[in-house]
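Breakdown of the fold
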Amino acid sequence: MTHVKKIKVGINGYGTIGKRTATAVDQQDDMEIVGVTKTRPTYEAVVANNLGLPLYVPNDETAEEFKKAGIKVAGTIKDLYKKADIIVDCTPGDVAEAYKAEYAEAGVKGIFQGGEDHSLTGISFNASANYKESWGAQFSRIVSCNTTGLIRTLYPLDKKFKIKEVFATLVRRGADPNNSKSGPINAIEPSLKIPTHHGPDVQSIMPWLNIQTMAVKVPTTLMHLHTIVVRLEKEVTTEEVIALWKKTPRVRLVKGKNGIKSSAQIMELARDLGRSRGDMFEIIVWEDGVKAVGNTLYFYQAVHQESDVIPEIVDCIRSMCKMEEDSSRSMKKTDKAMGI
Ligand code: NAD
C-alpha cells in the first residue's frame, strides 16, 4: 500500500474561522493540523489544549503567560512555520501584511481571508470559479462570506445563461454570535458608500461581471440575507434556474412552504442535520422565492457567515499544495468528509 504524504497545515488565529478550519482539515484524509496559534490564554486556548491541538504563541514571554494559566504550549509561531507546509491565516484585519512577510521569509505558503484586500495576494479563490488560479501559488485569499455566497449562485448562472448585470442588496448580520461588543442592537444601518466593496470583491474572481451592490446592517447574529436581481442575456424560466442550482455544489434549495421562512429555521436545520457547531456551509436559496420574468431573475439567498468559506479553504489548500488537479474532485472530497 502506498502512503500519500499529508499536507501539514498550521492555523494562525484560532477564532471563528480558525477553529472551523481546524475541524474541517482534521476531517480530510490528505491533510493534517500541525498547530494553531493563540495570542492570549483564553477559554479557546484551553479548548485547543483539550482537543489535543498543538498550541503556538507569539513569543517566549507569552508562552510563560500561557504556562502560568495552566495551558500547554508547543512553541512559538516561528516553530510552527518549521512544521507547516501552509499556514491558514485566520487573524483579524490589519496584521496580515506583517504575517505575509514572515511566511515568505519562512518559506511557507499562506492563505488569507476576506477581511484582507485582493491586492495582498493578487489571487483570490473560489473552488467552482477559479480553483486553478491558486495552483501551486505561495499566497492566495479566500473571498469573504458574502462574496463567496454571491459567486456560488452567480457563477453557474453566468456560465449557463450569461449575465448582463446584477443588482444585489446585502442585509448583513450585526455581529457573530460570540461577539457581544458589536452592533447595531436596535437599529438598521445602511452602508452609505455606494456601491459597496462587495461588487468589486466578486470581480476579483469574475472580473467580467457587471455587478452593483448595496448593504444594510441589522440586529441579528444568525446569517446574512441577499436580495438579488439579475438581468440575463436571454429569457429563462424559473424552473430552468432552479434545476441549475439543484445540481450546483454548495447551494441548497429550501422552501418557505415547508416551514423555512427565515434564517432562524435555516440555523435550526443545520443543527438538526447534526452539523459541527450547527454550521450551514451551503448557500441557501428559497425555491419559492425565485422568480424569472423574461430575462430578469429575482431571488433571495442566505449566507451562514461563520462557515460558508470553510470548504473553500480546504479546496484552496489542495490547489496551492498541488494535491488534486480537478476542482470538482476536490470539492466532492471536501464535502463528503465534512458531511455536506
Ligand atoms: P475572530 O476575531 O473570530 O478570530 C481571530 C483570531 O485571531 C482570534 O482568535 C484572535 O485572538 C486572533 N488574533 C488576533 N490578533 C492576532 C495576531 N496579531 N496574531 C495571531 N492571531 C491573532 O475573527 P474571524 O471572524 O475568524 O475573522 C478572521 C478573518 O476571516 C477576517 O479576515 C475576517 O474578515 C474573515 N472572515 C470572517 C467571517 C465571519 O463572519 N466571522 C466570515 C468570512 C471571513
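Here the structure is a predicted model, which is why all the values come from computation and not from measurement.

Criteria and thresholds
- Residues numbered from 1 in each chain as written.
- Predicted model: local features only at pLDDT ≥ 70, side-chain atom pairs only at ≥ 80, totals over all residues.
- Heavy atoms only, no water.
- Buried < 20%, exposed > 50% of the residue type's maximum accessible area, 1.4 Å probe, protein only.
- Helix = DSSP H or I, 4+ residues; strand = E, 2+ residues; numbered from the N terminus.
- Pairing = 2+ DSSP bridges.
- Near = heavy atom within 4 Å.
- Areas by Shrake-Rupley, 256 points an atom, 1.4 Å probe, with all protein chains shown as cover.
- Nonpolar A, V, L, I, M, F, W, Y, C, P; charged D, E, K, R; others polar.
- Domains from an automatic or database assignment.
- Contact = heavy atoms within 4.5 Å.
- Axes fitted to C-alpha atoms, helices over the stretch in contact; angles between N-to-C directions.
- Parallel < 35°, antiparallel > 145°, perpendicular 65-115°, else oblique.
- Left-handed = near helix turned anticlockwise from the far one by under 90°.
- Arc of directions from axis to C-beta.
- Polar contact = N/O pair within 3.5 Å; in protein donor to acceptor, adjacent residues only side chain to side chain.
- Core = buried A, V, L, I, M, F, W, Y, C linked by side-chain atoms within 4.5 Å.

This next bit is on the pairing of strand β16 (residues 296-303). Across the 8 residues that make up β16, a large majority, 6, are buried. Alignment of strand β12 (residues 224-232) against β16, held across 8 bridges, turns out to be antiparallel. What sits directly across from Thr227, in β16, is Tyr300. Direction of pairing for strand β14 (residues 283-286) relative to β16: antiparallel, over a ladder of 2 bridges. The residue of β16 that forms the bridge with Ile284 is Ala302. Here 3 bridges tie strand β15 (residues 291-293) to β16, and the two strands are oriented antiparallel to one another. Looking across to β16, one finds that Lys291 is bridged to Tyr298.

As a structural note, the neighbourhood of the ligand is formed by 19 residues, with Thr16, Ile17, Lys38, Tyr99 and Asp176 the closest of them. For the ligand, whose accessible area on its own is 830 Å², the fraction buried by protein is 78%. Its residues assigned to classes, the shell around the ligand shows 7 nonpolar, 9 polar and 3 charged. If you count residues domain by domain, the shell around the ligand takes at least three from each of domain 1 (7-143 + 309-338) and domain 2 (145-303).

This part is about the environment of Val303. Here Val303 is to be found in strand β16. Sequence-wise, Val303 and Val285 are 18 residues apart; in three dimensions their C-alpha atoms are separated by 9.3 Å. In this view, Val303 contacts Cys145, Gly149, Met223, His224, His226, Ile283 and Asp308; residues no more than four positions away in its chain are not counted.

Cis rather than trans, the peptide bond between Gly183 and Pro184 has omega equal to 5°. Position of Pro184 among the secondary structure elements: in the loop between β9 (163-173) and β10 (189-190). One non-glycine residue with positive phi stands out, namely Arg277, at about 55°. Tracing the sequence through the fold places Arg277 in the loop between α10 (263-272) and β14. One non-glycine residue, Lys322, lies in the positive phi region at around 50°.

Moving on, we get to the packing of helix α11 (residues 310-320) against helix α12 (residues 327-338). Viewed as axis vectors pointing N to C, α11 and α12 meet at an angle of 130°, and their least axial separation amounts to 9 Å. Judged on the interaxial angle alone, α12 and α11 are oblique. Note on packing geometry: the crossing formed by α11 with α12 is right-handed. The residues of α12 that touch α11, namely those facing Ile310, Pro311, Val314, Asp315 and Arg318, are Ser330, Met331, Lys333, Thr334, Asp335 and Met338.

Pairing is parallel in the open sheet, where 8 strands are placed in the order β4-β3-β2-β1-β5-β6-β8-β7. Looking at strand neighbours, the two that pair on one side only are β4 (75-76) and β7 (124-125), the edges of this open sheet. As paired elements, strand β2 (residues 31-37) and strand β3 (residues 55-57) share 2 bridges and run parallel to each other. For Thr37, the partnering residue across the bridge sits in β3 and is Tyr56.

Right, let's talk about α10 for a bit. Along α10, the positions that sit buried rather than exposed are Ser263, Ile266, Met267 and Ala270. Along the long axis of α10, the arc covered by the buried residues comes to 95°, so they all point the same way. Those residues of α10 that are buried are in contact with β14 and β16. Two or three places before Ala264, at the opening of α10, Ser262 has a side-chain oxygen 3.1 Å from that residue's backbone nitrogen.

What follows covers the nonpolar core. Ranked by internal contacts, the top residues of the largest apolar core, which has 43 residues, are Val9, Ile11, Val36, Ile86, Ile310, Ile313 and Ile317. Element by element, the count of residues in this core is highest for α11, at 6 residues. Residue-level mapping places this core at the junction of two domains, with at least three residues from each of domain 1 (7-143 + 309-338) and domain 2 (145-303). Setting aside anything within four residues of it in sequence, one finds Ile317 in contact with Ile7, Val9, Val25, Met31, Ile86, Val88 and Ile111. Of all hydrophobic cores here, the second largest spans 33 residues; its members include Leu157, Val166, Val202 and Leu297.

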